[in-house]
Amino acid sequence: MKKFVCLLAAVLMLMSLAACGGGEENYEYDAIPGLLLDHMTLSQGQYRPVKGGAYGAMSSYDYHGEDFPVDEWGSNFLMYIFDERSKVILPACMDPACTHDTEECFANIADYVPGSSYWNIHEDMIVIGHTGFKNYGPSEIHQYTFFYFSLDGTLMDTKSFSMKSLVREDGQPAESPSLAFAQTHAKDGKVYTVIFDSADYEPGVKRNSWIVCYDLETKEFTTLGHFMTADGLSLNIYITEVTDTHIGVEYDRRFGYCLDLETGECVETDCAAIFTEAMAAGKVSGSYIEGIYPVTGAIYIPGYPDPCYLSMTTGEKLDPEEVMNCTTVGMFSLYYEGDTYSPAVGSSQRKFVFRRMSDGSKVDISRYFENGTYWLAETVMESENGVIYKYYNDGETYEDAQYEATENGKKVLYQKAARLVYVEKSDMFDGTVDSPWYYDGETGTFVRPE
């Protein structure tokens with residue numbers, strides 16, 4: 001009952017906030033301007049910071065603060081919104097009367113569905129890009145559709161694009177256009193997606209590929225360009241950069257493609273050959289390519305102890321400041337004051353170590369708080385201004401939160417409900433956590449000790 005009352009109050013507060021604003025749009029939740037999420041985060045039900053809080057999946061057991069059988073873990077994830085102003089976690093259906101344990105609950109429907117290309121918050125709506133999403137709207141395999149849901153799960157609008165309208169290099173319509181494994185890039189209210197023709201899946205045969213842009217505001221699709229990949233052997237193709245004049249695409253961590261939006265010209269670069277030559281010359285310590293940024297002209301090598309960027313033209317190392325505009329935020333990275341902080345060598349149970357991507361500097365943050373009583377474990381959600389972590393007593397891990405219970409004559413291994421703590425980024429980035437907020441599963445809110 002306490003949680004019902006708290007959620008009802010939170011929803012009513014959000015409704016009143018949405019109603020005010022003096023005639024101007026005043027969205028409680030929206031995409032954060034300037035934040036570039038990586039393709040894995042955009043296409044899956046992982047957490048992501050949004051204006052006003054966070055949006056992502058978490059265990060309903062953790063949400064309710066309930067112990068659960070270990071073998072049931074993973075079967076009960078729902079989508080949630082963390083409201084940073086009220087410090088309340090809300091199931092992504094915003095219906096206080098919903099029990100959130102049926103297939104009809106939108107928080108369950110909105111959990112990750114294979115084949116999706118885009119998941120995010122836009123102007124107080126949950127937007128999902130897919131070829132066919134549950135029982136909503138078009139479900140044809142060659143239709144690319146964006147679904148707009150209000151925060152209570154009501155379908156507000158759909159906009160579709162026929163991928164069969166795309167034209168191949170030989171002038172013929174696309175035979176078997178696909179979104180599978182072709183991840184998206186989102187920037188300034190626009191979603192950029194690579195669509196490729198899976199009919200070209202043969203050794204030695206180049207693959208027809210297209211870049212399609214969808215404007216979340218105008219709800220219009222635009223085909224920006226066509227290009228041919230070096231072969232059709234891989235399904236891994238990602239847009240890594242978008243500027244006003246060019247789009248950069250990474251293919252199979254081997255090739256980079258730079259598409260000129262004005263002329264339609266596409267430049268192909270064999271990045272694997274550049275990397276192999278640099279490795280043979282002892283210029284890099286890494287053993288594989290993690291990212292290709294053709295517009296900037298950079299190849300990212302995550303080697304130890306010296307991760308670096310290589311120039312796609314000279315094969316020499318680049319200054320990190322030269323590539324700061326193409327870095328993205330994903331799981332385990334943090335976005336703080338307009339900069340991206342990625343995990344760096346040196347992290348342990350005692351501290352987080354982040355590399356500031358704009359200048360390569362490192363930041364150490366102690367994982368211990370409350371005078372060493374507790375330590376921060378895995379991230380549950382990153383919000384606009386903070387992070388929600390699981391935490392444990394000093395010297396303990398999740399295994400210490402397990403116990404056996406006898407049910408129907410059989411022993412069942414249980415996991416205690418996760419203990420969650422919310423930490424403001426401004427608190428963390430001075431190196432220590434001094435003022436955490438603790439989660440109360442009974443009310444769904446984070447509170448500070450009295």
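Conventions and cut-offs
- Residues numbered from 1 in each chain as written.
- Predicted model: local features only at pLDDT ≥ 70, side-chain atom pairs only at ≥ 80, totals over all residues.
- Heavy atoms only, no water.
- Pairing = 2+ DSSP bridges.
- Helix = DSSP H or I, 4+ residues; strand = E, 2+ residues; numbered from the N terminus.
- Phe/Tyr/Trp six-rings, centres within 6.5 Å; stacked < 30°, edge-to-face > 60°.
- Buried < 20%, exposed > 50% of the residue type's maximum accessible area, 1.4 Å probe, protein only.
- Lys NZ or Arg CZ within 6 Å of the ring centre and 35° of its normal.

K.L.:
Describe the sheet that holds strand β22 (residues 317-318), listing the residues and the values that go with them.
P.N.:
Pairing within the open sheet is antiparallel, and its 4 strands lie in the order β19-β20-β21-β22. Looking at the sheet topology across the chains shown, the edges are occupied by β19 (291-293) and β22. With 2 bridges joining them, strand β21 (residues 308-311) and β22 adopt antiparallel strand pairing. From the neighbouring strand, leucine 310 faces β22, where its bridge partner is lysine 317.

K.L.:
Please provide a residue-by-residue account of the packing of aromatic side chains, values included.
P.N.:
Considering all chains together, one arrives at 29 aromatic pairs under this definition. Between the aromatic rings of phenylalanine 82 and phenylalanine 446, the centroid separation amounts to 5.6 Å while the plane-to-plane angle is 75 degrees, which identifies the pairing as edge-to-face. Placement of phenylalanine 82 in strand β4 (residues 77-83) and of phenylalanine 446 in strand β34 (residues 445-447) is noted, with a sequence separation of 364 residues between them. On the numbers, 5.9 Å between centres and 55 degrees between planes, the contact of tyrosine 144 with phenylalanine 221 is tilted. Taken as a pair, tyrosine 144 in strand β8 (residues 143-150) and phenylalanine 221 in strand β14 (residues 220-229) lie far apart in primary sequence, 77 residues in all. Pair check on accessibility: tyrosine 144 and phenylalanine 221 agree, each one buried. Here a set of aromatic residues connected by ring pairs shows up, and it is made of Tyr118, Tyr144, Phe146, Phe161, Tyr214 and Phe221. Across from the ring centre of tryptophan 437, 4.7 Å away, lies the NZ or CZ of lysine 87, which sits over that ring.

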